[in-house]
Amino acid sequence: MDLPIVVGVDGSEPSMRAVDWAADEAALRGASLRLVYASLWERYEGTSLAQDLGKPEEQVTAEDIAATAARRAHSRRPDVKVTTDVLPEEPEYALVRESRTATAMVLGSRGRSSLAEALLGSVGVTVAGHAYCPVIVLRGSHDNRVRTGARRIVLGVGEKPADAAAVRFAVEEAQRRGVPLEAVRAWRCPAHETTDHPLKAGEPARLHKERAVEELEAALQDVPADVEVHRRTVEGHARRVLLDASADAGLLVVGARRREGHFGLQLGGVAHAVLHHSACPVAVVPQRA
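Even after reading the chapter, I still don't get the packing of helix α1 (residues 13-29) against helix α3 (residues 62-76), so can you show me in this structure?
Between α1 and α3, whose axes approach to 9 Å, the crossing angle comes to 40 degrees. One finds that α1 runs oblique with respect to α3. Crossing angle aside, the handedness with which α1 passes α3 is right-handed. Of the residues in α3, those touching α1 at Glu13, Met16, Arg17, Val19, Asp20, Ala23 and Asp24 are Ile65, Thr68, Ala69, Arg72, Ala73 and Arg76. Across the contact of α1 with α3, the residue classes tally to 6 nonpolar, 1 polar and 6 charged.

Shown next as structure tokens:
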């Protein structure tokens, strides 16, 4: 069964860049591309798209948005099969439902001001927190790196490295691009464990670092031998360590645990932070509890 890569489009330039990125990803995977516009409103007021279509803003319709996105995908990757759909419903619900039959979901970061561009919109947060497939959100200015394949894949490994789905996804992405995988495990020594005893100075920190190394090795034990893996344990807050690692990465991969029957926000603090502030695209990979 051909599970497509689904892209949520809304006519904004970030969503069109998501179409570019997803078209490249589909070509790498040999997958089809499904472009979905979901909104309760029929019309969309978008200055840039209206100019491209030669129409007044109030006359830009959902069908225009879907058709424009399809043309962009065809122009980018003529060999990729592209389908479109317009759904008259809230995008959060529509895209989460679409994720049930997708191999991956790709979203652009929304916003029309410098502050808004720095933060992820509510649709992206909701979908990333509830999707049934990996969700890739295009952060930063590195939207086209999937095509060049010149940047490493960074994998964030948590305290309980049981996120096998995230590891598999990161490994496969590195293999497709022919780039190294950098697995990062952040660790910290709680303040109450420090000691002033001269013979035990640094002992708690050493134990935490050794545990981090062991957890990192456990997470990577099934990685194929042909994948170039760089292992890093770094002292510090996980969110800051991963944000630093994203500065020159092609993709940052983190896991997210899903609890069946739980409808609240299911993104942890680290995933939430990198989705809002990463310098490169972020893939949130669900792991069913």
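Resuming the write-up.
Is there a simple way to explain the confidence of the model for the protein in this structure?
Mean pLDDT over the protein stands at 82; residues scoring 70 or higher make up 76%. Here residues 111-119 is a poorly scored stretch, pLDDT under 50, and it has 17 contacts once near neighbours within four places are set aside; other chains count. Contacts from residues 197-201, a stretch scored under 50 in pLDDT, to residues over four places away or in other chains number 2 contacts.

It is not clear to me how the nonpolar core should be interpreted in this structure. Could you clarify?
In globular proteins that are soluble, nonpolar side chains generally tend to be buried together. Counting residues in each nonpolar core, the largest one holds 47 residues, and the members touching the most others are Leu33 and Val253. Excluding anything up to four places from it in sequence, valine 253 contacts Ile153, Val154, Leu155, Gly156, Ala166, Phe169, Ala170, Ala283 and Val285. Counting residues in hydrophobic clusters, the runner-up holds 35 residues, among them Ala102, Val241, Ala245 and Cys280.

Would you take a moment to explain the pattern of salt bridges for this structure?
Opposite charge on two side chains permits them to pair, given that their charged atoms come into close proximity. In the structure shown here, the tally under the stated rule is 20 salt bridges. We note a salt bridge from arginine 152 to glutamate 182, for which the minimum N-O separation is 2.3 Å. Linking arginine 152 in the loop between α7 (145-148) and β6 (153-156) with glutamate 182 in strand β7 (residues 181-187), this pair joins segments that are 30 residues apart in sequence. Residue arginine 152 is classed as buried on the basis of its relative accessible area of 17%. One continuous salt-bridge network, built from bridges that share partners, spans Glu25, Arg29, Glu172, Glu173, Arg176 and Arg177.

Parameters at a glance
- Residues numbered from 1 in each chain as written.
- Predicted model: local features only at pLDDT ≥ 70, side-chain atom pairs only at ≥ 80, totals over all residues.
- Heavy atoms only, no water.
- Axes fitted to C-alpha atoms, helices over the stretch in contact; angles between N-to-C directions.
- Helix = DSSP H or I, 4+ residues; strand = E, 2+ residues; numbered from the N terminus.
- Parallel < 35°, antiparallel > 145°, perpendicular 65-115°, else oblique.
- Left-handed = near helix turned anticlockwise from the far one by under 90°.
- Contact = heavy atoms within 4.5 Å.
- Nonpolar A, V, L, I, M, F, W, Y, C, P; charged D, E, K, R; others polar.
- pLDDT = per-residue confidence, 0-100.
- Core = buried A, V, L, I, M, F, W, Y, C linked by side-chain atoms within 4.5 Å.
- Buried < 20%, exposed > 50% of the residue type's maximum accessible area, 1.4 Å probe, protein only.
- Salt bridge = Lys/Arg side-chain N within 4 Å of Asp/Glu carboxyl O.

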